Amino acid sequence: MLKAALFSIILLLSTKTLYSDTLFSTEKTPDYKKILEKYNLKKVKEIGLSKFFNNKANEVYLKEYDGKFIILNFWANWCIECLDELKSLNQLKIQLDKLKITDIQIIAISDNTIDFEKLKNTYQSHKINDLVIYFDPNRNLMNEFKIHSPPATLFIDKEGKVFARFNNTYNWSDQSIIDYILSIKDQNH
């Protein structure tokens, strides 16, 4: 019992530290540009041919989005922070649609390997109406990009190169982060 309580305290303290610059911080608004630059990858990786699936159970490949700036997010139903981040990605999509920006593709992929209906219910219950449901039942993409556990988000430039990776949750609909994404979306890395 004492070990369990001690583990819970350590977990809470490490979570506070881990997510101190994220969506759930009660401190001042973080400088997203600085955070994004901090996580910018030094080594660019080109995307491969791993398949995943959309809401119609059709195979999808990242190569299909050549010429678009891709925000690739990995999430899981069991991850509360992931669900909040998913809502912010939905809000980002709404903002991009309002601005008539069509060269940014948001792909939020669940690691759900069993139950598509559960994914659909998650989207409905959290009012995520503007994102397509994608899932990676064999964890092909997760393995390709060495994602061990959600949440994780990758930025892929229009030439199909991954140039940034984020292993925390962020409020992707914050205006400062939208401005930053719009300022870098046309750059090749």
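Under the annotation held in an unreviewed UniProt entry, the protein chain carries the name TlpA family protein disulfide reductase and is attributed to Candidatus Aquarickettsia rohweri.

A.B. asks: Sorry if this is basic, but what is going on with the packing of aromatic side chains here?
C.D. replies: The description of an aromatic ring pair uses the distance of the two centres, along with the angle that the planes make with each other. One pass over the structure, following the stated rule, counts eleven aromatic pairs. With centroids separated by 5.8 Å and ring planes inclined at 75°, the aromatic side chains of Phe166 and Tyr170 adopt a geometry described as edge-to-face. With respect to burial, Phe166 and Tyr170 carry one shared label: buried. In this structure an aromatic cluster arises from ring pairing among Phe69, Phe155, Phe163, Phe166, Tyr170 and Trp172.

A.B. asks: Teacher, can you tell me more about the state of the cysteines here?
C.D. replies: Among covalent bonds in proteins, the disulfide is the one between the sulfur atoms of two cysteines. Using the criterion set out here, one finds one disulfide in the structure. Covalently, Cys79 is tied to Cys82 through a disulfide, its sulfur atoms 2.4 Å apart. Taking the sign of the S-S torsion, about 80° here, the bridge from Cys79 to Cys82 comes out right-handed. No difference in accessibility class separates Cys79 from Cys82, as the two residues are buried.

A.B. asks: What is the right way to look at the nonpolar core in this model?
C.D. replies: Side chains of a nonpolar character, in soluble globular proteins, are inclined to be buried together. One finds Ile71, Leu92, Phe155 and Trp172 to be the most contacted residues of the largest nonpolar core, which totals 33 residues. For this core, the elements supplying multiple residues, two or more each, are strand 4 (69–75), helix 3 (80–98), strand 5 (104–110), helix 4 (116–125), strand 8 (161–166) and helix 6 (175–184). The leading source of residues in this core is helix 3, at six residues. Ile47, Leu62, Ile107 and Leu141 belong to the second largest nonpolar core, which has 19 residues in total.

A.B. asks: What is the right way to read the environment of Asn58 from this model?
C.D. replies: Within the secondary structure, Asn58 is located in the loop between strand 2 (51–54) and strand 3 (59–61). Residues contacting Asn58, with those up to four places away along its chain left out, are Phe52 and Phe53.

A.B. asks: For this particular structure, what's the right way to read unusual backbone geometry?
C.D. replies: Both trends apply: most residues other than glycine have a negative phi, and most peptide bonds are in trans. Between Pro150 and the following residue, Pro151, the backbone shows a cis peptide bond with an omega angle of 5°. Looking at the element boundaries, Pro151 is found in the loop between helix 5 (140–144) and strand 7 (152–156). Located in the positive-phi region is Ala57, a residue other than glycine, with phi close to 65°. By the secondary structure assignment, Ala57 is in the loop between strand 2 and strand 3. On the basis of relative accessibility, which here comes to 52%, the residue Ala57 falls in the exposed class. Although it is not a glycine, Lys100 adopts a positive phi angle of roughly 60°. By the element assignment, Lys100 lies in the loop between helix 3 and strand 5.

A.B. asks: Can you help me understand the pattern of salt bridges in this one?
C.D. replies: Pairing between side chains of opposite charge can happen when their charged atoms approach one another. This structure, assessed with the given rule, holds ten salt bridges. Asp111 is the salt-bridge partner of Arg139, the closest N and O atoms lying 3.2 Å from each other. A residue pair is termed long-range when its members are at least 10 positions apart, and Arg139 in the loop between strand 6 (134–135) and helix 5 and Asp111 in the loop between strand 5 and helix 4 qualify at 28 residues. With a relative accessible area of 34%, Arg139 lands in the partly exposed category. Across the salt bridge formed by Lys185 and Asp186, the nearest N and O atoms sit 3.3 Å from each other. Connected via shared salt-bridge partners are Asp103, Lys158, Lys185 and Asp186.

Scoring rules and cut-offs
- Residues numbered from 1 in each chain as written.
- Predicted model: local features only at pLDDT ≥ 70, side-chain atom pairs only at ≥ 80, totals over all residues.
- Heavy atoms only, no water.
- Phe/Tyr/Trp six-rings, centres within 6.5 Å; stacked < 30°, edge-to-face > 60°.
- Buried < 20%, exposed > 50% of the residue type's maximum accessible area, 1.4 Å probe, protein only.
- Disulfide = S-S within 2.5 Å.
- Core = buried A, V, L, I, M, F, W, Y, C linked by side-chain atoms within 4.5 Å.
- Helix = DSSP H or I, 4+ residues; strand = E, 2+ residues; numbered from the N terminus.
- Contact = heavy atoms within 4.5 Å.
- Salt bridge = Lys/Arg side-chain N within 4 Å of Asp/Glu carboxyl O.

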